[in-house]
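Each chain, letter by letter, is given below.
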Amino acid sequence: MADVRPESMERITTPELARKFIDEQLAAVKEQVGDKKVLLALSGGVDSSVVAALLIKAIGKNLVCVHVNHGLLRKGEPEQVIEVFRNQMDANLIYVDAVDRFLDKLAGVSEPEKKRKIIGEEFIRVFEEEARKLENVDFLAQGTIYPDILESGPVKAHHNVGGLPEDIHFEGLVEPIKLLFKDEVRVIGRELGLPSNMVDRQPFPGPGLGVRCTGAITRDRLEALRESDAILREEFAKAGLEGKVWQYFTIVPDYKSVGVKGGFRSFEWPCIIRAVNTRDAMTATIEEIPYELLGRIVARITGEVKGINRVLYDLTPKPTGTIEWE
Ligand code: XMP
């Protein structure tokens, strides 16, 4: 498949068009790989999940999925990957618990791009190790989508976790969704029967929570971040904002402020809420969130999350702030 989307290619917007695309790709994948094995790094994000579901349909257990838990995923994500792919789709799934390995490598590292580099490189290393343990894996599948091919000159090193392993030779690459835009990938995912909270998921950076636990990552602050993010997502979903706000998450910076909790002085981290809308992530505007909802979120985060005594709302559009804090 060429890397350029033909002018004549119809935008996939309906289940019928999705089915047509799926049928074509099933045939193309079978033709490309025959009865050989294909390896896929399955993060649980929209793109890799859709590729996994498609390839399971095409080649079943000849697809080997590797899910690396680097400790920087959102609450419940590794569990959902196992539930959907291993339990429901009967996929050949290898789960790698690499949490300690990543957090040890990241300990004491505060420079954002250095953190990204460590996460990206360590990911490739773990993935390569798993690939080496397997015999006769001939193809590498990737969830590349069209914007990945078009993207140029970002502000940050957006090298996604899941870059190509350099030391292993594959016969070829399988990239069935590389000419599709995100909205089309979601239509395909729905048609393949993936759960809506997987298909309609907001964008999540490859380095995950690592760029939201600012400065040098510590386990306790990472846990506060994961819990506050889960509360924010839950409250946004309850308020019907899921799918309406483009991206929303929390940040827990590496400094503390004085507060009062249960009648006693506290000295704890703040938690910052970010909720933005954008078309292409190059610029972004701030969402007006109802005060009542914000109040509920503040009460829950300060009441339920260990180590947080303040909640702030970031009102800065992009520019001048980037969407992420690192
Ligand atoms: P910024 O912070 O540059 O983010 O305004 C724009 C969009 O990109 C996401 N983002 C990343 N995605 N790897 C990724 O795959 C990264 O290192 C990374 N940094 C930012 C961010 O979440 C937003 O959607």
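Refer to the structure above for everything that follows.
Please read these numbers as outputs of a predicted model, since none were measured by experiment.

Lay out the nonpolar core in plain terms, naming residues and giving numbers.
Counting residues in hydrophobic clusters, the biggest one holds 47 residues, and the most contacted among them are Leu39, Leu222, Phe236, Ile301 and Ile308. The set of elements that each furnish at least two residues to this core consists of strand S2 (63-69), helix H4 (99-106), helix H5 (112-133), strand S4 (137-141), helix H9 (219-238), strand S8 (264-277), helix H10 (291-304) and strand S10 (308-313). When near neighbours in sequence (up to four residues on either side) are disregarded, Ile308 contacts Ala224, Val252, Lys261, Glu268, Trp269, Pro270, Cys271, Ile301 and Thr302.

Explain the side chain of Asp47 to me, and be specific about the residues and the numbers.
For Asp47, the position within the fold is in helix H2 (residues 46-59). A relative accessible area of 14% means that Asp47 is categorised as buried. Here Lys182 takes part through its side chain, which lies 3.1 Å from a polar atom of the side chain of Asp47.

For the packing of H4 against H5, give the residues involved together with the corresponding values.
The geometry of H4 relative to H5 is characterised by a closest axis approach of 10 Å and an angle of 145 degrees between their N-to-C directions. Seen along the crossing, H4 lies across H5 with a hand that is right-handed. In this structure, H4 uses Arg101, Phe102, Lys105 and Leu106 to contact H5, whose residues at the interface are Lys115, Ile118, Ile119, Glu122, Phe123, Arg125, Val126 and Glu129. Looking at the contact of H4 with H5 residue by residue, the classes come out as six nonpolar, no polar and six charged.

Hey, could you go over the pairing of S2 for me, with residue numbers and the actual values?
Within S2, seven of the seven residues are buried, leaving the element largely enclosed by the surrounding structure. Residues Leu63, Cys65, His67 and Asn69 point to one face of S2 and Val64, Val66 and Val68 to the other, with burial holding for every one of them. Pairing analysis gives four bridges linking strand S1 (residues 37-41) to S2, with the strands arranged parallel. By the bridge assignment for S2, Val38 is matched with Leu63.

Requested: an account of unusual backbone geometry, with residues and values cited.
The step from Lys318 to Pro319 runs through a cis peptide bond, and the omega angle for that step is -15 degrees. Positionally, Pro319 belongs in the segment after S10. Despite not being glycine, Asp90 has its phi angle at roughly 60 degrees, a positive value. By the element assignment, Asp90 lies in the loop between helix H3 (77-88) and strand S3 (92-97).

Calculation notes
- Residues numbered from 1 in each chain as written.
- Predicted model: local features only at pLDDT ≥ 70, side-chain atom pairs only at ≥ 80, totals over all residues.
- Heavy atoms only, no water.
- Core = buried A, V, L, I, M, F, W, Y, C linked by side-chain atoms within 4.5 Å.
- Buried < 20%, exposed > 50% of the residue type's maximum accessible area, 1.4 Å probe, protein only.
- Helix = DSSP H or I, 4+ residues; strand = E, 2+ residues; numbered from the N terminus.
- Contact = heavy atoms within 4.5 Å.
- Polar contact = N/O pair within 3.5 Å; in protein donor to acceptor, adjacent residues only side chain to side chain.
- Axes fitted to C-alpha atoms, helices over the stretch in contact; angles between N-to-C directions.
- Left-handed = near helix turned anticlockwise from the far one by under 90°.
- Nonpolar A, V, L, I, M, F, W, Y, C, P; charged D, E, K, R; others polar.
- Pairing = 2+ DSSP bridges.

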